[in-house]
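Observations on the model geometry
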There are 2 protein chains.
Amino acid sequence: MLKLYGYWRSSAAYRVRIALNLKGLAYQQVPVHLVKDGGQQHGADYRALNPQQLLPLLVDEENGGVRVAQSLAIIEYLEEIFPVPALLPADPAERAQVRALALHIACDVHPLNNLRVLQYLSSELGVADEAKNAWYRHWVALGLAAVEEGLAAFDGRLSLGERPGYLEACLIPQLYNARRFNCDLAAYPRIVAMAARCEPLEAFQLAAPEAQADAQ
Amino acid sequence: MLKLYGYWRSSAAYRVRIALNLKGLAYQQVPVHLVKDGGQQHGADYRALNPQQLLPLLVDEENGGVRVAQSLAIIEYLEEIFPVPALLPADPAERAQVRALALHIACDVHPLNNLRVLQYLSSELGVADEAKNAWYRHWVALGLAAVEEGLAAFDGRLSLGERPGYLEACLIPQLYNARRFNCDLAAYPRIVAMAARCEPLEAFQLAAPEAQADAQ
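Looking up chain A in an unreviewed UniProt entry gives the name Maleylacetoacetate isomerase, with the organism given as Pseudomonas sihuiensis. Among the UniProt annotations of chain A, the heading Sequence similarities (unreviewed entry) holds the following wording: "Belongs to the GST superfamily. Zeta family."

This part covers the sheet that holds strand S2 (residues 27–31) of chain B. Two pairing modes exist for strands in a sheet, parallel and antiparallel, and in both the strands are linked by backbone hydrogen bonds. Residues and elements named next belong to chain B. Read across the open sheet, the 4 strands follow the order S2-S1-S3-S4; overall the sheet is mixed. Sheet topology places S2 and strand S4 (66–69) at the edges, where each strand pairs with a single neighbour. Averaged over all pairs of adjacent strands, the angle between strand axes in this sheet comes to 20°, irrespective of strand direction. Pairing of strand S1 (residues 2–6) with strand S3 (residues 57–60) involves 4 bridges; the strand directions are antiparallel. Residue pairing in the sheet places Leu 2 in a bridge with Asp 60 of S3. This element, helix H1 (residues 11–22), spans S1 and S2 of the sheet and lies at about 155° to S1. Together, S1, S3 and S4 form the strand contacts of helix H3 (residues 71–81), whose direction differs from that of S4 by roughly 130°.

Let's shift gears to unusual backbone geometry. Of note, the amide linkage connecting Val 84 of chain A to Pro 85 of chain A takes the cis form, showing an omega dihedral of -5°. For Pro 85 of chain A, the location among the structural elements is in the loop between helix H3 (71–81) and helix H4 (92–108). In this model, Leu 55 of chain B is joined to Pro 56 of chain B through a cis peptide bond whose omega is -5°. Mapped onto the elements, Pro 56 of chain B comes out in the loop between helix H2 (44–49) and S3. Located in the positive-phi region is Gln 70 of chain B, a residue other than glycine, with phi close to 75°. Note on placement: Gln 70 of chain B falls in the loop between S4 and H3.

Once that is clear, we can look at the relation of the copies chain A and chain B. Laying chain A over chain B is done by rotating through 180° and shifting 0.0 Å along the axis; what remains is an RMSD of 0.0 Å. Overall, the copies show the geometry of a two-fold rotation axis. Using C-alpha coordinates, one finds that chain A approaches the rotation axis most closely at Cys 107 of chain A, a distance of 2.1 Å. In this assembly, 100% of the residues forming the interface of chain A have copies in chain B that are likewise at the interface, indicating an isologous arrangement.

Residue and element names in this part refer to chain B. For helix H7 (residues 166–180), which comprises 15 residues, the first-to-last C-alpha distance of 22 Å matches the rise-based estimate of 21 Å (1.5 Å per residue) to within 8%. Burial within H7 is extensive, with 13 of its 15 residues counted as buried. The first or second residue beyond H7 is Asn 182, which carries a positive phi of 55°.

As a further point, take the environment of Arg 180 of chain A. Mapped onto the elements, Arg 180 of chain A comes out in helix H7 (residues 166–180). Along the backbone, Arg 180 of chain A and Arg 157 of chain A are 23 residues apart, and their C-alpha atoms lie at a distance of 26 Å.

By size, the foremost hydrophobic cluster in this structure holds 158 residues, and its most contacted members are Leu 121, Trp 135 and Leu 151 of chain A together with Leu 121, Trp 135 and Leu 151 of chain B. The contact partners of Leu 151 of chain A, leaving out residues within four places of it in the chain, are Leu 101, Leu 167, Leu 171, Arg 190, Ile 191 and Met 194 of chain A.

What follows is about the interface of chain A and chain B. If you look at the interface, chain A gives 46 residues, while chain B gives 46 residues. Together chain A and chain B conceal approximately 3,900 Å² of surface at their shared face, both sides included; 65% is due to carbon and sulfur atoms. Looking only at chain A, the three residues that lose the most surface to chain B are Glu 80, Arg 116 and Tyr 120 of chain A, adding up to 14% of its buried area. Summed over the shared surface of chain A and chain B, the result is 9 salt bridges. A salt bridge links Asp 108 of chain B to Arg 116 of chain A; the shortest N-O distance between them is 3.8 Å. Where the side of chain A that touches chain B is concerned, the elements lending two or more residues are strand S4 (66–69), H3, H4, helix H5 (115–123) and helix H6 (129–150) of chain A. For the side of chain A that touches chain B, the element with the most residues is H4 of chain A, which contributes 13 residues. Of the residues assigned to the side of chain A that touches chain B, the class counts are 30 nonpolar, 7 polar and 9 charged.

Rules behind the numbers
- Counting starts from 1 at the beginning of each chain's written sequence and moves along it residue by residue.
- Labels are handed out in written order, letters beginning with A for the chains and numbers beginning with 1 for the ligands.
- At least 70 in pLDDT is required for a residue's local features to be given in this predicted model, at least 80 for side-chain atom pairs to be given and counted, and no such filter applies to totals for whole chains, interfaces and linings, which use all residues.
- Processing note: side-chain calculations cover all non-hydrogen atoms of the structure and skip hydrogens and water entirely.
- UniProt positions are given in the numbering used here, feature names are shortened, and annotations may be inferred rather than shown by experiment.
- Strands are labelled as partners when DSSP assigns at least two bridges between them.
- Strands here mean DSSP runs of E at least two residues long; helices mean DSSP runs of H or I at least four residues long; both are numbered from the N terminus.
- Under this scheme, a helix contributes an axis fitted over its contacting stretch, all axes are lines through C-alpha atoms, and angles between N-to-C directions fall in the 0 to 180 degree range.
- What makes two residues a contact is simply this: any of their non-hydrogen atoms within 4.5 Å.
- Alignment of the copies relies on least squares applied to C-alpha atoms, considering only residues that score at least 70 for pLDDT in both.
- Take the number of residues in a helix, subtract one, and multiply by 1.5 Å to get its expected span.
- Relative accessible area decides the class of each residue, using a 1.4 Å probe on protein chains only: under 20% of the type maximum gives buried, over 50% gives exposed, and in between gives partly exposed.
- The term nonpolar core refers to a set of buried residues drawn from Ala, Val, Leu, Ile, Met, Phe, Trp, Tyr and Cys, joined through side-chain atoms within 4.5 Å.
- By buried area we mean the combined loss of accessible area, with a 1.4 Å probe, across both parts when two parts are placed together.
- Salt bridge, as used here, is a side-chain nitrogen of Lys or Arg placed within 4 Å of a carboxyl oxygen of Asp or Glu.
- The residue classification treats Ala, Val, Leu, Ile, Met, Phe, Trp, Tyr, Cys and Pro as nonpolar and Asp, Glu, Lys and Arg as charged. All others, Gly included, are polar.

Below you can see the structure in the form of structure tokens.
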């Protein structure tokens, strides 16, 4: 059995839920509340499993109980262990384009707007809500603009032609966050069109934050 | 020919230089100055190559001029195109451990302390230098503590046993940054020991910021 430690609104956990669903893999979810108890990811139980104290974490009980942290490491692991259906294209140059866009979201957009960072801005640096929201939208706008340009190469197709994969598993959660913080999306028609093709699919519907058992 | 657009002090470019050297690949470097001209990465010439406007960028002229952004996407690409010597272990569970630690550095430490973020803290949020340095050290301390725990599994070995690879290519540049900002490293003996084994190696020496032609 695959066990996924996550949180309904964690963007990184949302990526992995999409990837698991796209591969048609069954998994058990274990909710870890990011706010309750001062953040359950810092509690001794979870910390013993994942010293990074971040979500998500995958535990593969069939494979000696291997524990994998970091959403993109988990997706790469799933791709290696369960290669069909693939989430990455076969050609190395195309794989690199997908990874470069996914990593742009995972490294240069999302971590800057993660809950712990927003908390630090407020509590340690005394940043007011308005300036914090401007920070949020600034990094989203820069990031989505770059992804929008990168999507030109896909010419209206999904990253696997007619199928979504690794790229869409990263993009749709980022777009969910952008909408949640009322970012203006008018400048990103390719992203919005790609999301419109993915969001009705069952793999994405079942992975959506509001569809999770721990959603509030 | 492989062409690497970078900057001597860019931590992400430093990772790729190490990876290229570990694989024994010849490459031509093209310096892009992150401060001069308002940041040459934002100039029209570089932006046309990489809409992400970040470093590094690899151009593989032998392979149709494919352009790959994002240091980890570049390293994965190199691993696929030039598999020997490998920078990742062969076993999927071990690969996942390496990627999870590398991604922790690349997603959850480095982007928070990137030049553009420090500039935003100063110029947009009016954060004073002292608080900015505390911010820097805060994310480094959290990140290195997690990596230190993760290294326990390696039991004093390098990530490929006697050889460094993907993990060390990410860790040593992060340690370089930590030293540059006077972060206290006493709590990370495994990291320091791993670095002490890597830093004398030619692949790391030749990749060091101060060894680059554009170093100032």
